[in-house]
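One-letter residues, chain by chain:
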Amino acid sequence: TSTSDSNRFAEPAGSRRTASHWQVDLNYSQNINLSSFFTFQIAADVFNIFDQQTGYNIDPQFHSSTFGQARNYFSPRRLQLAARFFF
């Protein structure tokens, strides 16, 4: 009747696996030549297009009510816009 959360010999190593994680990122940039010396650039980045938020960092504490559930998730979809001026 141990109250210890260390139960390292009860199951084989590697038996707890999370779902696989993948994501697709997209980048688009458009150069606008203002003259032979100046260029204006607009760039858009979209990260995690399909909004794949897989959980990781599974709670290992057996006596916790959240045992076996993910404590963290990968970042959700994000959009980043940028404007650059080259000379």
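Scoring rules and cut-offs
- Residues numbered from 1 in each chain as written.
- Predicted model: local features only at pLDDT ≥ 70, side-chain atom pairs only at ≥ 80, totals over all residues.
- Heavy atoms only, no water.
- Helix = DSSP H or I, 4+ residues; strand = E, 2+ residues; numbered from the N terminus.
- Pairing = 2+ DSSP bridges.
- Axes fitted to C-alpha atoms, helices over the stretch in contact; angles between N-to-C directions.
- Polar contact = N/O pair within 3.5 Å; in protein donor to acceptor, adjacent residues only side chain to side chain.
- Phe/Tyr/Trp six-rings, centres within 6.5 Å; stacked < 30°, edge-to-face > 60°.
- Buried < 20%, exposed > 50% of the residue type's maximum accessible area, 1.4 Å probe, protein only.
- Lys, Arg positive; Asp, Glu negative; His and termini not counted.
- Salt bridge = Lys/Arg side-chain N within 4 Å of Asp/Glu carboxyl O.
- Contact = heavy atoms within 4.5 Å.

Mapped onto the elements, Ala 19 comes out in the segment before strand S1 (26-33). Expressed as a C-alpha distance, the spacing of Ala 19 and Tyr 56, which sit 37 residues apart in the sequence, is 8.5 Å.

Paired through their backbone hydrogen bonds, the strands of a sheet run either parallel or antiparallel. Strand order across the open sheet formed by 3 strands is S1-S2-S5, with antiparallel pairing between neighbours. This sheet does not close on itself; its edge strands, each paired only once, are S1 and strand S5 (78-86). Strand-to-strand twist of the sheet, defined as the mean angle between neighbouring strand axes without regard to direction, takes the value 10 degrees. Two strands pair when backbone bridges link them, and S1 and strand S2 (residues 39-47) are joined in this way by 8 bridges, in the antiparallel orientation. Paired with Ser 29 across the two strands is Ala 43, which belongs to S2.

Right, let's talk about the environment of Thr 66 for a bit. Tracing the chain through its elements places Thr 66 in the loop between strand S3 (55-58) and strand S4 (70-73). Looking at Thr 66, its side chain comes within polar contact range of the side chain of Asp 59, at 2.6 Å.

This part takes up the packing of aromatic side chains. For any pair of aromatic rings, the description consists of the separation of the ring centres together with the inter-plane angle of the planes. All chains considered together, the criterion is met by 4 aromatic pairs. Between Phe 38 and Phe 85, the ring centres sit 5.7 Å apart and the planes meet at 15 degrees, which makes this aromatic pair stacked. Within this pair, whereas Phe 38 is found in the loop between S1 and S2, its partner Phe 85 is found in strand S5, the two being separated by 47 residues in sequence. Between the aromatic rings of Phe 85 and Phe 87, the centroid separation amounts to 6.3 Å while the plane-to-plane angle is 35 degrees, which identifies the pairing as tilted. A connected cluster of aromatic rings, assembled from ring pairs, spans Phe 38, Phe 85 and Phe 87.

Take Asp 59: it is sitting in the loop between S3 and S4. Within the buried set, Asp 59 has no salt-bridge partner at all; the shortest N-O distance to an opposite charge, 4.2 Å, is to Arg 71. The contacts of Asp 59, once residues within four sequence positions are left out, are Arg 16, Ser 64, Thr 66, Phe 67, Gly 68, Gln 69 and Arg 71.

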